[in-house]
Amino acid sequence: MANVIVCVKQVIDPEAPPASFKIDAAANKVVPPTGISPVLDPYAEYAVEAALKIKDTVGGKITAVSLGTGQLRDVVKKPLSMGADELVLLEDEAFAGGDSWSTAYALAMAIKKLGEYDLILCGREASDWNAGQVGSGIAEILELPSVTLVKKIEIIDGKARVERATDNGYEVIEVSLPALLSISHEIGEPRYPTIKGIMAAKKKEPISWAPGDIGVEPSQIGVAGRRTKLTKLFQPVREGKCEIIEGESPEDAGANLAKRLREAKIL
Amino acid sequence: MAEYKGILVHCEVAEGKLTSMATELLGGGRKLADDLGEPLSAVLIGSGVAGLAQEVIAFGADKVYVVEDALIKDYQTDPYIMVMEKITKEAMPQVIMLGQTSIGRDLAPRLAFHLSTTANLGCLELAVDTETKRLLQTKPVYGGNALAIFISETDPQIATVRAKAMSPLEPDPARKGEVITVDAGLAPSLIRTTVLEKVPEEVAGIKLEDAEVVVAGGRGIGGPEGFQQLEDLAKLLKGAVGATRPPCDNGWVPTGQQVGLTGKIVTPDLYIAVAVSGASQHMSGCSGSKNIIAINKDEEANIFREARYGVVGDWKKILPAFTEKLKELLAG
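Please read these numbers as outputs of a predicted model, since none were measured by experiment.

Criteria and thresholds
Residues numbered from 1 in each chain as written. Chains lettered and ligands numbered in written order. Predicted model: local features only at pLDDT ≥ 70, side-chain atom pairs only at ≥ 80, totals over all residues. Heavy atoms only, no water. Helix = DSSP H or I, 4+ residues; strand = E, 2+ residues; numbered from the N terminus. Rg over C-alpha atoms; globule rule 2.2 N^0.38 Å. Buried < 20%, exposed > 50% of the residue type's maximum accessible area, 1.4 Å probe, protein only. Pairing = 2+ DSSP bridges. Contact = heavy atoms within 4.5 Å. Buried area = accessible area lost by both parts, 1.4 Å probe. Salt bridge = Lys/Arg side-chain N within 4 Å of Asp/Glu carboxyl O. Polar contact = N/O pair within 3.5 Å; in protein donor to acceptor, adjacent residues only side chain to side chain. Nonpolar A, V, L, I, M, F, W, Y, C, P; charged D, E, K, R; others polar. Domains from an automatic or database assignment.

(A) Layout of the overall build of chain B. Regarding its fold elements, chain B presents 9 helices and 18 strands. In terms of overall dimensions, chain B is globule-like: its C-alpha atoms have a radius of gyration of 22 Å, near the 20 Å expected for 332 residues. Counting only C-alpha atoms, chain B reaches 65 × 45 × 40 Å along its principal axes. Taking all 332 residues of chain B together, 60% fall into the buried category.

(B) The arrangement of the pairing of strand β16 (residues 270-274) of chain B in detail. Residue and element names in this part refer to chain B. In terms of residue burial, β16 counts as a mostly covered element, since 5 of its 5 residues are buried. Here β16 shows a buried face lined by L270, I272 and V274 and a second buried face lined by Y271 and A273. In terms of strand pairing, strand β14 (residues 213-217) meets β16 through 5 bridges, oriented parallel. Considered in β16, the bridge of V213 is made with L270. Pairing of β16 with strand β17 (residues 291-296), which is carried by 5 bridges, proceeds in the parallel orientation. Across the sheet, Y271 pairs through a bridge with I292, a residue of β17.

(C) How the structure looks around the interface of chain A and chain B. Facing 82 residues of chain A, the contacting portion of chain B comprises 74 residues. Of the roughly 7,000 Å² buried between chain A and chain B, counting both surfaces, carbon and sulfur atoms make up 58%. The largest per-residue losses of area from chain A upon contact with chain B belong to A:E140, A:R227 and A:R238, which jointly make up 9% of the total buried on that side. Along the contact surface separating chain A from chain B lie 3 salt bridges. A salt bridge links B:R110 to A:E140, with the shortest nitrogen-to-oxygen separation between them at 2.6 Å. Here chain A and chain B share 31 residue pairs in polar contact (both at pLDDT 80 or more) between them. Each residue belonging to the side of chain A that touches chain B can be placed in one class, and the counts come to 38 nonpolar, 19 polar and 25 charged. With 6 bridges connecting them, strand β14 (residues 228-234) of chain A and strand β10 (residues 146-152) of chain B associate as antiparallel partners. Opposite A:K232, over in β10(B), you have B:I149 as the bridge partner.

(D) Geometry of the domain arrangement of chain A. Annotation of chain A at the domain level lists domain 1 (2-225) and domain 2 (237-267). Just the C-alpha atoms count here: the centres of domain 1 of chain A and domain 2 of chain A sit 45 Å apart.

(E) Spatial organisation of the domain arrangement of chain B. Residues and elements named next belong to chain B. Taken domain by domain, chain B consists of domain 1 (7-190) and domain 2 (208-331). With 7 residues of domain 1 at the interface, the matching set in domain 2 holds 10 residues. Both faces combined, the contact of domain 1 with domain 2 buries some 670 Å², and carbon together with sulfur accounts for 51% of it. The largest per-residue losses of area from domain 1 upon contact with domain 2 belong to G143, R162 and K164, which jointly make up 71% of the total buried on that side. One can count 0 salt bridges joining domain 1 with domain 2.

Next up, the structure:
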């Protein structure tokens, strides 16, 4: 039996077409695309999948925790419909606009309130700010050991044996529990919610905690708790001067491309 | 409290040599240190790394801290945090630079929280703000759809830098610097992990990061058979095969061949993108290539905004003819 806590979040759909991505330069903010629903962060879905794999093998309980404002129930309930047991939301306005520091702090305090756990799982980063820090931050605040970029987990004799992706392969690491693991996409494709899971998720009321419920001061969380300042957010300029090589047939165009590259001394 | 001053670079060592990431950081760090008018220090951590200190100086460091201990022969989070905390207290740098590697990505955020400061991961550029003298840290966000410039409000300011974002200096063997040996002073009982095994995943042929020609395939390649055709072209051009994320997730090619924000960063002379749509997250791994060539059936695909030459159509028809013609031209 393992008690697993998974940190998730709602994000702007990272698979939305690049052309739909817009920035409000004056506010240094991303403008949510119209007509495209937000989604559960795909990196967090891998963490949920990792938690479910543990539950499949050793049993136990999975609690998802999500921080953010304007969270759509259908989105943040996805871990429940995939098979998680509980959902805790930190959706007070005071939690919004934070950086890795204030977000990790709020999540760590919520996890502390949840109490007993063997593992805390996070995505290796989130698809919006790509910070890649909240997991390690939670571990540091809760004084837990951490392993990042995890692609496989086994629970053996009260410890976790994990595979950690490295730049030229992977390493097998044993870590004492409780521990925090940040999950990489190599863990495997997240499962689809089942009909049964969706029905159960519909009925499940998430627990919502305000800052006071987890014993944090508004000055420590959200915008107020930031230690980094975003000075500028902008879109890189694309040149767009592509010379399209044509031909009488696709084969002909392919051959012409070879000739053109030779002429241009690229090859 | 003492004042934070200067730059500290964490130099990674692999197989007894300074990594290219380390020399790039030293090159970038040297420039920042000169802009600030402050010294550049470096730290070498491991076992049997002391002999590299002079090389670190040759690449631009004024001072090298060497920490050796059998317990830190392999990277592990806990002992590295203890060592870096010790070095930080000794060196009091206002900036700590690490590589955006599997080590730096683990070490930097945990160290930042440990020292009650902040980190920014995967930076493309670091510069000194002329007014505040704080570090302007530029990094891709939203999967490469945007770039963000952050300023840390606490010291030390910690940043990891992506491969190939900075250039190493020409090493000067005559350069003088100071080498300081620091005792790791580690208590084994405080290390909560054990590395049981290290498993390298070798890719045959030329390494993707070193290749001058990269032939990359996307989801549209459809399977491992299709990648064989890319392999043939790569072989002809003495290059390597890369991929976007879906082919790796589907197991068509090893994960190590993924190019992009979550994979490798490549800067070849020639990047041939076949059935690659050009999603921002992929482009942030290859946009530094000298020439991008695109073959894609969708003329609206983003890749044509990045490419210098392109063909619109079915790669299954175009690629064999392209490879054949090249073979002929290269032989002639």
